[in-house]
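Residue-level structural notes
As a plain string of letters, each chain reads:
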Amino acid sequence: MTIRIACLGDSLTRAQLSVDYLVLLERRHPPGDVRLARYGVNGDFAHNLLRRLDAVVADPPDVITVLIGTNDARASLAGYPVERAMKRKQLPERPSAGWFQQCLAAVVERLRTQTDATIALLSLPVLGQQPDGAAAQASQAYSRMIAEVATTKEVTYLPLHERQTEALRRAGAPPIPYQEPTPAASVSVLVRRAVLRRSLDTISRRRGLTLTTDHIHQNSRGAALVAEVIDTWLPTRSA
């Protein structure tokens with residue numbers, strides 16, 4: 001029986017600047033075993049995801065995965081353009097940890113009450129490549145909040161952050177300082193892919209990054225861990 005999976009998230013799920021974990025997840029199954037639906041929007045905060053659940057509820061899948069919070073975590077870092085993000089994403093208030101948890105809990109509550117889907121919340125990919133740096137610590141702190149919401153709302157928590165932290169440790173990844181990507185840098189990645197035909201993995205390798213292309217978006221190794229964490233859980237919910 002085909003399992004219908006809806007993947008909700010931000011640019012990591014949209015996969016224009018990241019290697020596509022949905023494709024990698026699908027490849028882990030025989031043809032027809034899973035059918036994936038993508039609900040990823042670049043730059044989204046948890047608030048934005050909450051406001052666009054109508055499409056998911058209108059055609060409820062069997063399984064829903066939620067990977068959201070990277071932009072909320074980034075907004076807690078010094079140097080993040082909060083005012084510009086608030087205007088671009090039409091946020092009614094300044095991003096904060098408390099508001100993130102409130103919005104994520106509301107996302108889960110609506111999905112639980114208006115669908116029969118099995119729901120899983122993924123912790124965040126590691127921000128940056130310095131385990132003790134402010135960016136990595138922010139992604140860890142927000143991942144703990146995700147775990148709290150999962151426990152409170154009685155849905156599954158998938159430990160992506162923990163898996164990526166271990167992968168960085170085992171790889172002996174150099175502690176490259178985190179840099180907040182600018183819009184120009186993101187455009188540069190797209191140009192290198194479209195015009196120069198450089199893969200995201202090539203860009204990542206030239207920057208010395210182990211799991212990401214720019215400290216945020218995933219290369220093949222990082223995306224494979226997203227797919228693996230989801231796929232390892234999937235058999236436990238199917239009959």
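This report concerns the structure included in the present document. What you see as residue numbers is a count from 1 along each chain, following the sequence as written. In keeping with the model being predicted, local features are shown solely for residues with a pLDDT of at least 70 and side-chain atom pairs are shown and tallied solely at 80 or more, while totals for entire chains, interfaces and linings include all residues. Hydrogens and water are ignored here; the side-chain numbers use all heavy atoms of the structure.

A few points about the pairing of strand 1 (residues 3-9)
Within strand 1, 6 of the 7 residues are buried, which leaves it mostly tucked inside the rest of the structure. Two strands pair if DSSP finds at least two bridges between them. Runs of H or I in DSSP of at least four residues are treated as helices and runs of E of at least two as strands, each being numbered from the N terminus. In the sheet, strand 1 pairs with strand 3 (residues 63-67) via 5 bridges, with the strands oriented parallel. What sits directly across from leucine 8, in strand 3, is valine 66. Here's how the labels work: a residue is buried when its accessible area is under 20% of the maximum for its type, exposed when over 50%, partly exposed in between, all with a 1.4 Å probe on protein chains only.

What to know about the sheet that holds strand 5 (residues 156-158)
Strand order across the open sheet formed by 5 strands is 2-1-3-4-5, with parallel pairing between neighbours. The open sheet has two edge strands with one neighbour each: strand 2 (34-40) and strand 5. Shown here is a sheet whose adjacent strand axes are inclined to one another by a mean of 20°, direction ignored. When strand 1 meets strand 2, the two strands line up parallel, connected through 7 bridges. Counted as the bridge partner of isoleucine 5 is leucine 36 from strand 2. In this description, contact between two residues means that some pair of their heavy atoms is separated by no more than 4.5 Å. In this analysis an axis means a line fitted to C-alpha atoms, helices contributing only their contacting stretch, and an angle means the value between N-to-C directions, from 0 to 180 degrees. Strands in contact with helix 8 (residues 134-153) are strand 4 (118-122) and strand 5; relative to strand 5, the strand with the most contacts, it is inclined by about 160°. In the packing of helix 12 (residues 220-233) onto the sheet, the strands contacted are strand 3, strand 4 and strand 5, and the crossing angle to strand 4 comes to about 145°.

With respect to the environment of valine 107
Following the sequence through the fold, valine 107 ends up in helix 7 (residues 97-114). Since its relative accessible area comes to 0%, valine 107 is described here as buried. The residues contacting valine 107, other than those within four sequence positions of it, are Ala46, Leu49, Leu50 and Leu53.

A look at the packing of helix 9 (residues 160-171) against helix 12
Helix 12 packs onto helix 9 with a crossing angle of 140° between their chain directions and a minimal axis gap of 10 Å. By the criterion of interaxial angle, the relationship of helix 9 to helix 12 is oblique. Judged by the sense of rotation from one axis to the other, the crossing of helix 9 with helix 12 is right-handed. Together, Leu160, Arg163, Gln164, Ala167 and Ala171 of helix 9 and Arg221, Gly222, Leu225, Val226, Glu228 and Val229 of helix 12 make up the contact between the two elements. Residue composition of the contact of helix 9 with helix 12, grouped by class: 6 nonpolar, 2 polar and 3 charged. What sets the label is the angle itself: under 35 degrees gives roughly parallel, over 145 gives roughly antiparallel, 65 to 115 gives roughly perpendicular, and the rest give oblique. Here is the rule for handedness: rotate from the far helix to the near one, and if that takes an anticlockwise turn smaller than a right angle the crossing is left-handed, while a clockwise turn gives right-handed. Residues are grouped as follows: Ala, Val, Leu, Ile, Met, Phe, Trp, Tyr, Cys and Pro are nonpolar; Asp, Glu, Lys and Arg are charged; every other residue, Gly included, is polar.

Comments concerning the packing of aromatic side chains
Stacked, tilted and edge-to-face pairs are distinguished by plane angle, under 30 degrees for stacked and over 60 for edge-to-face with tilted covering the rest, among Phe, Tyr and Trp rings (Trp via its six-membered ring) whose centres lie within 6.5 Å. Under the definition given, this model contains 1 aromatic pair. The interplanar angle of 50° and the centroid separation of 5.2 Å between the aromatic rings of phenylalanine 100 and tyrosine 142 together place this pair among those described as tilted. Of this pair, phenylalanine 100 sits in helix 7 while tyrosine 142 sits in helix 8, and the two are 42 residues apart along the sequence. Since its relative accessible area comes to 1%, phenylalanine 100 is described here as buried.

Focus on the pattern of salt bridges
What makes a salt bridge here is a side-chain nitrogen of Lys or Arg within 4 Å of a carboxyl oxygen of Asp or Glu, nothing more. Counting across every chain of the model gives 12 salt bridges. For arginine 94, the salt bridge identified is with glutamate 83, shortest N-O distance 2.7 Å. Remark: glutamate 83 occurs in helix 6 (residues 82-88) and arginine 94 occurs in the loop between helix 6 and helix 7; sequence separation between them is 11 residues. You can call arginine 94 partly exposed: its relative accessible area is 48%. Across the pair arginine 163 and glutamate 228 runs a salt bridge whose closest N-O atoms are separated by 2.3 Å. With arginine 163 in helix 9 and glutamate 228 in helix 12, this pair connects stretches of sequence that are 65 residues apart. Look at glutamate 228 and you get partly exposed, because its relative accessible area is 25%.

A closer look at helix 12
One less than the residue count of a helix, multiplied by 1.5 Å, gives the span that helix is expected to have. Here helix 12 spans 20 Å end to end across 14 residues, near enough to the 20 Å set by a 1.5 Å rise per residue. For helix 12, the set of buried residues is Gly222, Ala223, Leu225, Val226, Ala227, Val229, Ile230, Asp231 and Trp233. Against the buried residues of helix 12 lie helix 2 (21-27), strand 3, strand 4, strand 5 and helix 9. Polar contact is the term for a pair of N or O atoms within 3.5 Å; when the atoms are in protein, one must be able to donate a hydrogen and the other to accept it, and sequence-neighboring residues count only if both atoms are side-chain atoms. Residue asparagine 219 occupies the N-cap position of helix 12, its side-chain oxygen lying 3.0 Å from the main-chain nitrogen of arginine 221.

Let's talk about the nonpolar core
For the purposes of this section, nonpolar cores are sets of buried Ala, Val, Leu, Ile, Met, Phe, Trp, Tyr and Cys residues that join through side-chain atoms within 4.5 Å. Judged by nonpolar contacts, the single largest core of 41 residues is most densely connected at Leu8, Ile64, Val66, Leu104, Leu111 and Leu121. Only strand 1, helix 3 (46-50), strand 3, helix 6, helix 7, strand 4 and helix 8 provide two or more residues apiece to this core. Examining the composition of this core, we find that 8 residues originate from one element, helix 7, more than from any other. Once residues within four sequence positions are removed from consideration, leucine 121 is found in contact with Val66, Leu104, Val108, Ile146, Val149, Ala150, Val155, Thr156, Tyr157 and Leu158.

Remember, this is a structural readout, not a statement about activity or role.
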